[in-house]
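Chain by chain, the residues run as shown.
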Amino acid sequence: AIPMTDIFEAFDAVSDIERFWPLLAGAGLSGLVRGFSGFGTAMIFIPIAAQVLPPIWVLTAMVVMDIFGPLPAVPQALREGQLGDIARLGLATLICLPFGVFVLKTLPFDTFRYGVSIITLMLLAMLIGGLRQRRPISRPLLYTTGGIAGMLGGSVGLAGPPVILLYMSSPLPVARIRANTLLFLVLAAFAMLFMFAANGLLELTPILIGLGLVVPYTLATMIGVALFDPNRETLYRRIGYVIIAASAIIGLPLFD
């Protein structure tokens, strides 16, 4: 049974109007973008939720929410995605997650917020500037990208950007990019939740907060799935660029 004190603490954490609206907005907007693009949850939710919740609560609530929310889009993604590549990315992510969690527990969170934002903006500039994969994505590149994703996922909850940048620079069609990124992020969410539990970082209150955000997040994801049109590849790439840039800038501690 869940202690009533934890339930009251979770309710108190989201019932305050100053906390409720940012969390609801973060869940809704991230779910909408996740539905039609296949990514965007962490990059949108973390900067918003970090304004009202402690860092580890933000990551825990996001992971719990992100396990359930994308489920409506998973069947289609399984048909369109490259499961072998996702398995390789996931294996490397799982191996490197403990190192990221070690960073989360030992170094200042703001230091890594600056680092992640700067690195993301640099990679985005390379992508917009014409960085493209002309040949099929190699296995070594998949393992390297998965390892970087594990480090960033464990330290600041941003496992997605390395994988997103990898696929958006590839010649793959937008439907496959969307499917691959969505499947990877679902897999990464389970891996992060397991790693947080193994390191004693899970608390019941943020878990309950994440469960409370599942409904608006899932509904927004379903709307996003309905909006998806594979014929608008250029539009989705541009939206992806804007999401990455905005999240990197908003995520800077300067805007707290």
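Computed from a predicted model, the values in this text were never measured in an experiment.

Novice: What's the story with the overall build of the chain in this structure? I'm lost.
Specialist: Looking only at helices and strands, one finds 13 helices and zero strands in the chain. Starting at the N terminus and ending at the C terminus, the chain contains elements arranged as α-α-α-α-α-α-α-α-α-α-α-α-α. A burial count over the chain gives 52% of its 256 residues as buried. For the chain, restricting intrachain contacts to residue pairs at least 6 apart in sequence, the fraction spanning at least 24 positions comes to 84%.

Novice: For this particular structure, what's the right way to read the pattern of salt bridges?
Specialist: If charged atoms from side chains of opposite charge come close, those side chains can pair. With the rule as written, the count across this model stands at one salt bridge. Linking arginine 88 and aspartate 85 is a salt bridge whose minimum nitrogen-to-oxygen distance equals 3.2 Å. Residue arginine 88 and its partner aspartate 85 are both found in helix H6 (residues 83-106); the two are separated by three residues, about one turn of the helix. Assessed through its relative accessible area of 18%, arginine 88 is described here as buried. Judged by relative accessible area, aspartate 85 falls into the buried class, the value being 14%.

Novice: Can you walk me through the packing of H6 against helix H10 (residues 174-198) in this structure?
Specialist: When two helices pack together, their arrangement is given by the angle between the helix axes and by the axis-to-axis distance. Relative to each other, H6 and H10 sit at 35°, their axes nearing to 9 Å. Here H6 and H10 pass one another in a crossing that is right-handed. Taken together, the residues of H10 that come into contact with H6 (itself represented by Leu83, Ile86, Leu89, Gly90, Thr93, Leu94, Leu97, Pro98, Val101 and Leu104) are Asn180, Leu183, Phe184, Leu187, Ala191, Met192, Met195 and Phe196. Each residue belonging to the contact of H6 with H10 can be placed in one class, and the counts come to 15 nonpolar, three polar and no charged.

Novice: Is there a simple way to explain the nonpolar core in this structure?
Specialist: Grouped together as the largest cluster of nonpolar side chains are 64 residues, with contacts concentrated most on Leu23, Phe45, Tyr167, Phe184 and Phe196. The dominant element in this core, judged by the number of residues it contributes, is H10, at 14 residues. Among all residues touching tyrosine 167, those that are not within four sequence positions of it are Gln82, Asp85, Ile86, Leu89, Ile137, Leu142, Leu172, Ile177, Asn180 and Thr181.

Novice: In this structure, what is going on with empty space enclosed by the protein? I would like to understand it.
Specialist: To find the voids left in a structure, one rolls a probe of water-molecule size over its atoms. The tally for this structure, following the rule as stated, stands at three cavities of 30 Å³ or more. In this model, the second largest cavity occupies a volume close to 130 Å³. As for the second largest cavity, its lining consists of 17 residues, of which Ala42, Asp66, Gly157, Gly160 and Leu185 are closest to the centre. Within the residue set of the lining of the second largest cavity, elements represented by two or more residues are helix H3 (41-49), helix H4 (55-68), helix H9 (160-168) and H10. It is H10 that contributes the most residues to the lining of the second largest cavity, four residues altogether. In terms of residue class, the lining of the second largest cavity is made up of eleven nonpolar, four polar and two charged.

Novice: What is the right way to look at the packing of H3 against H4 in this model?
Specialist: Contact geometry of H3 with H4 gives a least axis separation of 10 Å together with a crossing angle of 140°. On the basis of their axis angle, the class for H3 and H4 is oblique. Our pair here, H3 against H4, has a crossing hand that is right-handed. Two secondary-structure elements touch here, H3 through Thr41, Ala42, Phe45, Ile46 and Ala49 and H4 through Val58, Leu59, Met62, Met65 and Asp66. Residue composition of the contact of H3 with H4, by class: eight nonpolar, one polar and one charged.

Novice: Looking at this model, I keep getting lost on helix H11 (residues 204-212). Mind explaining?
Specialist: For an α-helix, 3.6 residues make a turn, and residues three or four places apart therefore share a direction. Where H11 is concerned, the buried positions are Thr205, Pro206, Ile209 and Gly210. One side of H11 carries all its buried residues, which in axial view fall inside an arc of 140°.

Novice: What am I meant to see in the environment of isoleucine 249 here?
Specialist: Relative to the helices and strands, isoleucine 249 is located in helix H13 (residues 233-250). Along the backbone, isoleucine 249 and threonine 120 are 129 residues apart, and their C-alpha atoms lie at a distance of 9.5 Å.

Novice: Explain helix H8 (residues 139-156) here, please?
Specialist: Compared with the 26 Å implied by 1.5 Å per residue over 18 residues, the 25 Å span of H8 between its first and last C-alpha is a close match. Those residues of H8 lying buried are Leu142, Thr145, Gly146, Gly147, Ala149, Gly150, Leu152, Gly153, Gly154, Ser155 and Val156.

Novice: I tried to follow the confidence of the model for the chain on my own but got confused; where do I start?
Specialist: Predicted coordinates in areas of low pLDDT are best not read in detail. For the chain, per-residue confidence averages 81 on the pLDDT scale, and residues scoring 70 or more make up 86% of the total. Here helix H1 (residues 4-15) stands out as the least confident element of the chain, with mean pLDDT 62; H6 is the most confident, with 91.

The rules behind these values
Residues numbered from 1 in each chain as written. Predicted model: local features only at pLDDT ≥ 70, side-chain atom pairs only at ≥ 80, totals over all residues. Heavy atoms only, no water. Helix = DSSP H or I, 4+ residues; strand = E, 2+ residues; numbered from the N terminus. Buried < 20%, exposed > 50% of the residue type's maximum accessible area, 1.4 Å probe, protein only. Contact = heavy atoms within 4.5 Å. Salt bridge = Lys/Arg side-chain N within 4 Å of Asp/Glu carboxyl O. Axes fitted to C-alpha atoms, helices over the stretch in contact; angles between N-to-C directions. Left-handed = near helix turned anticlockwise from the far one by under 90°. Nonpolar A, V, L, I, M, F, W, Y, C, P; charged D, E, K, R; others polar. Core = buried A, V, L, I, M, F, W, Y, C linked by side-chain atoms within 4.5 Å. 1 Å grid on protein atoms, 1.4 Å probe; cavity = no way out; pocket = protein on both sides within 12 Å on 5 of 7 lines; lining within 4 Å. Points joined across faces, edges and corners; volume = space filled by probe spheres on them. Parallel < 35°, antiparallel > 145°, perpendicular 65-115°, else oblique. Arc of directions from axis to C-beta. Expected span 1.5 Å × (residues − 1). pLDDT = per-residue confidence, 0-100.

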